[in-house]
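Commentary on secondary and tertiary structure
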Amino acid sequence: MISDRCAACKYLRRRCPSDCIFSSYFPPNNPQRFASVHRIYGASNVSKMLQVLPDHLRAKAVEILCYEAKCRIQDSVYGCVKTIFQLHQEIHNAKCQLAKTRVEIALTNSRRGGGGQENQVNQMQEVQSNLNFFPDQTHVEATQFGSSSKAPWFS
Amino acid sequence: MGSGSSPCASCRLLRRRCAKGCIFAPYFPSDDPHKFAIVHKVFGASNVSKMLQELPIHQRGDAVSSLVYEANARMRDPVYGCVGAISFLQNQVSELQMQLAVAQAETLCFQMQQDPVALPTQIDQHQHQHHHQHQDHDQKSLLLSNSDFNSIPHQYFSSFASPSNVIQDPLKRESLWT
């Protein structure tokens, strides 16, 4: 029956067969969901992606495709990759702060003279290793993107 | 690059003449056919063309790079794609925040030990408040910036131990799953 068409078949203006690959994941009450996914990936590509997945993983895959499509529509330049870059930056900042705090702890310990000479040597080695810490992983990702149009968080 | 010499990777794959103003040519050179192949496989040439046409020229390079990144992630992990990487990185951030909280608590202990007999007077309370506010601000600056990431619905990560997890991220050069 035409009224039982899934959102995908309604959008594509076609009959919805009984084995329609989209029908389980794009119910007719949410047409926008399929529209977003179709706009970014295309119905044909989504169908191919779902066909190679086992049944029990398809629902999750569709959810995530919908999320990524939404991100791409909201940010047509970076999509959900922007979040990844922000997280890399966050990790970099956290590691720097952690290294700094650990240096402070090690220096405080050594000033207090805790534990004897061997302990002091270990603490100074820890101070040195923290001072040598130069996390540079975010730079690897940043260089993949054009220098002429750096995203604000690259500066 | 659309000038009559060799066609760009896109036109080569699509088996068409690479026109002078080919929208793909600046971003998909002929010496890297794989780049366009995976973008085409995930997004489709037509969709990529429309996306690029809607963007100003100075943003198209970054858009292509992010599309390539997403397409790579999707090829490596057909279920979770980029969201898999986001989840992994969020876990890293949480772990680092925990370690930082422990380290900062240790620092605070040292400071309290240095002045163990001081009873909280009004002045000292004021100083402590300033100190804690400063530390809270540092902590918040880490936490607040994560508030955007909390907008990723948690149901995406609830059943994360999927068979498609075993992947390597060549861009990051380390395994995403430990």
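Only a predicted model underlies this, so the values are computations on that prediction, with no experimental measurement involved. Counting starts from 1 at the beginning of each chain's written sequence and moves along it residue by residue. By the order in which they are written, chains take letters starting at A while ligands take numbers starting at 1. Reporting of local features is limited, given that this is a predicted model, to residues whose pLDDT is at least 70; pairs of side-chain atoms are given and counted only at 80 or more, and all residues count toward the totals for whole chains, interfaces and linings. The side-chain quantities take in all heavy atoms of the structure and omit both hydrogens and water.

1. Observations concerning the overall build of chain B
Strands here mean DSSP runs of E at least two residues long; helices mean DSSP runs of H or I at least four residues long; both are numbered from the N terminus. Assigned secondary structure in chain B consists of six helices and two strands. When accessible area is computed with a 1.4 Å probe and restricted to protein chains, residues below 20% of their type maximum are described as buried, those above 50% as exposed, and intermediate ones as partly exposed. Here chain B holds 178 residues, and 44% of them are scored as buried. Contact between two residues is taken to exist if any of their heavy atoms lie within 4.5 Å; hydrogens are not considered. The contacts of chain B with a sequence gap of at least 6 include a subset with a gap of at least 24, amounting to 60%. All accessible-area figures derive from a Shrake-Rupley calculation using a 1.4 Å probe, and residue coverage is judged against the displayed protein chains alone. A total accessible area of about 10,000 Å² is found for chain B, and carbon and sulfur atoms account for 57% of it.

2. Some points on the packing of helix H2 (residues 31–40) of chain A against helix H4 (residues 55–74) of chain A
Residues and elements named next belong to chain A. Axes, fitted as lines to C-alpha atoms, cover a helix only where it is in contact. Angles between the N-to-C directions of the axes lie from 0 to 180 degrees. Viewed as axis vectors pointing N to C, H2 and H4 meet at an angle of 70 degrees, and their least axial separation amounts to 9 Å. Accordingly, the angle class assigned to the pair H2 and H4 is roughly perpendicular. Residue-level inspection shows Arg33, Ser36, Val37, Arg39 and Ile40 of H2 in contact with H4, the latter providing Val62, Glu63, Leu65, Cys66, Ala69, Arg72 and Ile73. For this scheme, ten residues count as nonpolar: Ala, Val, Leu, Ile, Met, Phe, Trp, Tyr, Cys and Pro. Four count as charged, namely Asp, Glu, Lys and Arg, and the remainder, Gly too, count as polar. Classifying every residue of the contact of H2 with H4 gives seven nonpolar, one polar and four charged. Angular relationships are summarised with four words: roughly parallel below 35 degrees, roughly antiparallel beyond 145, roughly perpendicular across 65 to 115, and oblique for the angles in between.

3. Brief notes about the nonpolar core
When a protein is soluble and globular, its nonpolar side chains tend to lie buried together. Residues grouped as a nonpolar core are buried Ala, Val, Leu, Ile, Met, Phe, Trp, Tyr and Cys residues, joined through side-chain atoms within 4.5 Å. A:Phe22, A:Phe26, A:Tyr41, B:Phe24, B:Phe28, B:Phe43 and B:Leu52 are the most contacted members of the largest nonpolar core, which totals 49 residues. Looking at this core, the elements with two or more residues in it are helix H1 (7–12), H2, helix H3 (43–51) and H4 of chain A together with helix H1 (9–14), helix H2 (33–42), helix H3 (45–53) and helix H4 (57–76) of chain B. Per-element accounting of this core gives the leading share, five residues, to H4(B). Not counting the four nearest positions on each side in its chain, A:Tyr41 is found in contact with A:Val46, A:Met49, A:Leu65, A:Glu68, A:Ala69, B:Val42, B:Phe43, B:Asn47 and B:Glu70.

4. Some thoughts on the packing of H3(B) against H4(B)
Residues and elements named next belong to chain B. Orientation of H3 relative to H4, taken along the N-to-C sense of each, is 150 degrees, at an axis distance of 10 Å. H4 is crossed by H3, and the crossing has right-handed handedness. Judged by residue contacts, Val48, Met51, Leu52 and Gln53 of H3 engage Arg60, Ala63, Val64 and Leu67 from H4. Split into classes, the residues belonging to the contact of H3 with H4 amount to six nonpolar, one polar and one charged. Crossing handedness is defined as follows: a turn of the near helix away from the far one that is anticlockwise and smaller than a right angle gives a left-handed crossing, while the clockwise case is right-handed.

5. Brief notes about the environment of B:Ser10
Residue and element names in this part refer to chain B. Along the chain, Ser10 falls in helix H1. The spatial distance from the C-alpha of Ser10 to the C-alpha of Phe36 is 6.0 Å, given a sequence separation of 26 residues. Ignoring anything within four residues of it in the chain, the contact list for Ser10 reads Phe24, Phe28 and Phe36.

6. Comments concerning the side chain of B:Thr107
Position of B:Thr107 among the secondary structure elements: in helix H5 (residues 81–114). Classification of B:Thr107 as buried rests on a relative accessible area of 10%. Whenever two N or O atoms come within 3.5 Å, that pair is a polar contact, provided that in protein one can donate a hydrogen and the other can accept it, and provided that, for residues adjacent in sequence, both atoms are side-chain atoms. Polar contacts involving the side chain of B:Thr107 include one to the main-chain carbonyl oxygen of B:Ala103, which spans 2.9 Å. Apart from residues lying up to four places away in sequence, B:Thr107 is in contact with A:Thr101, A:Glu104 and A:Ile105.

7. Some words on the pattern of salt bridges
Counted as salt bridges are all cases of a side-chain nitrogen of Lys or Arg within 4 Å of a carboxyl oxygen of Asp or Glu. One pass over the full model with this rule turns up three salt bridges over all chains. The partner of A:Glu68 in a salt bridge is B:Arg74, with the nearest N and O atoms 3.3 Å apart. Highlighted residues: A:Glu68 in helix H4 and B:Arg74 in helix H4, drawn from two different chains. Pair check on accessibility: A:Glu68 and B:Arg74 agree, each one buried. A salt bridge links B:Glu70 to A:Arg72; its shortest N-O distance comes to 2.8 Å. Of the two residues, B:Glu70 sits in helix H4 while A:Arg72 sits in helix H4, which places them in two different chains.

8. Here we look at the confidence of the model for chain A
Residue and element names in this part refer to chain A. Averaged over every residue, the pLDDT of chain A is 81; the share at 70 or more is 71%. Every residue in residues 134–143 is under pLDDT 50, and counting partners more than four places away or in other chains gives 17 contacts. The predictor attaches a confidence to each residue, called pLDDT, with possible values from 0 through 100. Per-residue pLDDT stays below 50 along residues 146–155; that stretch engages in 14 contacts with residues further than four places along the chain or on separate chains.

9. Things to note about the confidence of the model for chain B
Residues and elements named next belong to chain B. For chain B, per-residue confidence averages 75 on the pLDDT scale, and 62% of positions sit at 70 or higher. Long-range and interchain partners of residues 132–151, a stretch whose pLDDT sits below 50, account for 26 contacts in this model, where long-range means more than four residues apart. Contacts from residues 157–178, a stretch scored under 50 in pLDDT, to residues over four places away or in other chains number 56 contacts.

10. Let's talk about H3(A)
Buried residues of H3(A): A:Ala43, A:Asn45, A:Val46, A:Ser47, A:Met49 and A:Leu50, and no others. Tucked inside the fold, the buried residues of H3(A) contact H1, H2 and H4 of chain A together with H2 and H4 of chain B.

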